[in-house]
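# Results of the structural survey
Listed below are the residues making up each chain.
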Amino acid sequence: MRVFVTGATGFVGAAVTQELLKAEHTVLGLVRSEASAEKLKAAGGEPLRGSIEDLDVLKRAASSCDGTIHLAFNHDFTQFEKNCADDLKATEAIGEVLEGTGKPFITTSGTLGLKSRPLATEDEMRDPGSSPRTPAEIKTLELASKGIRSAVVRLAPSTYGDGDRGFVYMLITKAKEKGASWYVGDGTQRWSSVHRLDAARLYVLVLEKGIAGHSYHAIADQGIPTKEIAEVIGRHLNVPTESKSAAEASSHLGFIAWALSIDSPTSSEKTQKEVGWTPTHVNLLDDLNHGTYFET
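No experiment lies behind these values; they were computed from the predicted model shown.

## Some remarks on empty space enclosed by the protein
With the rule as written, the count across this model stands at 2 cavities of 30 Å³ or more. Roughly 70 Å³ of volume is contained in the largest cavity. As for the largest cavity, its lining consists of Leu171, Lys174, Ala175, Lys178, Ala180, Ser181, Trp182, Thr226, Ala230, Ile233, Leu253 and Leu260. Taken together, the elements giving at least two residues each to the lining of the largest cavity come down to α6 (167-178), β8 (181-184) and α8 (226-237). The leading source of residues in the lining of the largest cavity is α6, at 4 residues. Across the lining of the largest cavity, the residue classes break down as 8 nonpolar, 2 polar and 2 charged. By volume, the second largest cavity is sized at about 40 Å³. Taken together, His70, Asp87, Thr91, Thr107, Thr108, Ser109, Arg133, Ala136, Glu137 and Val152 form the lining of the second largest cavity. Of all the elements in the fold, those that place two or more residues in the lining of the second largest cavity are α4 (80-98), β5 (104-110) and α5 (134-142). Looking at the lining of the second largest cavity element by element, the count peaks at 3 residues for β5.

Below is the structure:
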């Protein structure tokens, strides 16, 4: 397949590009800079300059390819609502040109905040008002009724590995700034996790085998207590590990405090059975202990 990938040189996107090429697909990747274009060409893909706000570019690219994987998202949390609105517009624009084609269209969401217990599952449908990012996920699933093999990959709150700039990296940065590694309350809130290379392989499997209208969970570890993550960070930085109230954490950590406050254990059992996915890479705590997070 010729596959259009937004975010093709990002943290997860670069790994998805490699997995696609390894599976003998070709990649047309959306890139925002000349440096990213050169990076994609060196990897074996074809760059397309633009951003997810360039809706006509997205439409032309998606219609010219056999499948689309939408990974691009602006992670500047100071304008989170705008970024989510841009994500929804991009999803709608691509969906518009794919109607009736039967082509696969895979978009990206997250598992944080799913509420079913004891483990959140792929079948849980989000309340439209649960997050500014939810409408794009709902829109993707609705497109399945319009002749598109649309599906959502929900990423774990900790999608980790070399080059991570997500929540764990932010916690390490804040611990350096504050001289202490923080968790909220008793720290029993659990984060699921997945290595970015395992997540990348799942995107390709969903592209090839995914069922229209289904959500898939990129989850390896179902839930690690946030206190354990904070303790590993504190030990490596040689700073104390401290509990903070939600209000205290919010005033100093901003958006990350919200994530630390949520208990969100999550299953990927259905995903693994449906597309034959098995996570194989090192787990989060081992990666923290032996990976590159604390290298200067």
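Now that the structure has been shown, the text picks up again.
## Some remarks on the packing of helix α3 (residues 55-64) against α4
Packing of α3 against α4 brings their axes to within 9 Å, and their N-to-C directions diverge by 40 degrees. Classified by the angle their axes make, α3 and α4 are oblique. Crossing of α3 over α4 shows right-handed handedness. Residues Leu55, Leu58, Lys59, Ala62 and Ser63 of α3 pack against Lys89, Ala90, Ala93, Ile94, Glu96, Val97 and Leu98 of α4. Classifying every residue of the contact of α3 with α4 gives 8 nonpolar, 1 polar and 3 charged.

## Digging into the UniProt feature "domain: NAD-dependent epimerase/dehydratase" (unreviewed entry) in the chain
Those residues carrying the UniProt feature "domain: NAD-dependent epimerase/dehydratase" (unreviewed entry) are residues 3-216 in this numbering. For residues 3-216, the end-to-end C-alpha separation is 19 Å, with 39% helix and 22% strand making up the annotated structure.

## A word on the layout of surface pockets
Volume-wise, the second largest pocket comes out at about 160 Å³. In terms of lining residues, the second largest pocket is bounded by Gly161, Asp162, Gly163, Asp164, Arg165, Tyr169, Ile172, Thr173, Lys176, Thr292, Tyr293 and Glu295. In terms of residue class, the lining of the second largest pocket is made up of 3 nonpolar, 4 polar and 5 charged.

## Notes on the nonpolar core
The biggest cluster of nonpolar side chains holds 32 residues, and the ones touching the most others in it are Val5, Val16, Leu20, Ile69, Ile106, Val153 and Tyr203. Looking at this core, the elements that each hand over two or more residues are β1 (2-6), α1 (13-22), β2 (26-31), α2 (34-43), β6 (149-155), α7 (196-209) and β10 (215-218). Those residues within four positions of Ile106 in sequence are excluded, and the remaining contacts are Thr68, Ile69, His70, Arg149, Ala151, Val153, Tyr203, Val206 and Leu207. Core analysis: the second largest hydrophobic core is formed by 25 residues, Leu112, Val168, Ile224 and Ile233 among them.

## Section: the environment of Ala62
Here Ala62 lies in helix α3. Ala62 gets classed as buried once you look at its relative accessible area, which sits at 0%. For Ala62 and Ala72, which are 10 residues apart along the polypeptide, the C-alpha to C-alpha distance reads 14 Å. Not counting residues up to four positions away in its chain, the partners in contact with Ala62 are Phe4, Thr68, Ile94, Val97, Leu98 and Lys103.

## Section: the domain arrangement of the chain
Here the chain is described as being made up of domain 1 (2-158 + 194-220) and domain 2 (160-192 + 222-265 + 282-290). Domain 1 puts 19 residues into the contact, and the matching count from domain 2 is 20 residues. Together domain 1 and domain 2 conceal approximately 1,800 Å² of surface at their shared face, both sides included; 62% is due to carbon and sulfur atoms. Counting the contacts that link domain 1 with domain 2 gives 1 salt bridge. A salt bridge links Arg117 to Asp263, with the nearest nitrogen and oxygen atoms 3.8 Å apart. Across the domain 1-domain 2 interface, the total number found is 7 residue pairs in polar contact (both at pLDDT 80 or more). Of the residues that constitute the side of domain 1 that touches domain 2, the class distribution is 13 nonpolar, 4 polar and 2 charged.

Thresholds, definitions, all that
Along each chain, residues carry numbers from 1 onward, in the same order as the chain's sequence is written. Local features in this predicted model are restricted to residues whose pLDDT is 70 or higher, and side-chain atom pairs enter the listing and the counts only when it is 80 or higher, whereas totals over whole chains, interfaces and linings include all residues. To obtain the side-chain values, all non-hydrogen atoms of the structure were used and water was disregarded. A cavity here means a set of 1 Å grid points, computed over protein atoms only, where a 1.4 Å probe fits but cannot escape. A pocket is an open set with protein on both sides within 12 Å along at least 5 of 7 lines, and lining residues have an atom within 4 Å of a point. Grid points are joined across faces, edges and corners, and a volume is the space filled by probe spheres set on the points. Secondary structure follows DSSP: runs of H or I at least 4 residues long count as helices, runs of E at least 2 residues long count as strands, and numbering of each begins at the N terminus. Three categories are distinguished: nonpolar for Ala, Val, Leu, Ile, Met, Phe, Trp, Tyr, Cys and Pro, charged for Asp, Glu, Lys and Arg, and polar for the others, with Gly belonging to the last. Helix axes are fitted to C-alpha atoms over the stretch in contact, other axes to C-alpha atoms as well, and angles between N-to-C directions run from 0 to 180 degrees. We call two directions roughly parallel when the angle between them is under 35 degrees, roughly antiparallel when it is over 145, roughly perpendicular when it lies between 65 and 115, and oblique otherwise. We call a crossing left-handed when the near helix sits turned anticlockwise from the far one by less than a right angle, and right-handed when that turn is clockwise. Residue contacts are counted whenever heavy atoms from the two residues lie within 4.5 Å of one another. UniProt positions are given in the numbering used here, feature names are shortened, and annotations may be inferred rather than shown by experiment. Here, the term nonpolar core denotes a set of buried Ala, Val, Leu, Ile, Met, Phe, Trp, Tyr and Cys residues that are joined through side-chain atoms within 4.5 Å. Residue exposure (1.4 Å probe, protein chains only): buried if accessible area is under 20% of the type maximum, exposed if over 50%, otherwise partly exposed. Here the bounds of each domain stem from an automatic or database domain assignment. Summed over both partners, the accessible surface that disappears when two parts come together, traced with a 1.4 Å probe, is what is meant by buried area. The working definition used for a salt bridge is a side-chain nitrogen of Lys or Arg within 4 Å of a carboxyl oxygen of Asp or Glu. Polar contacts, as used here, are pairs of N or O atoms within 3.5 Å; protein pairs need one atom able to donate a hydrogen and one able to accept it. Residues neighboring in sequence count only if both atoms are side-chain atoms.

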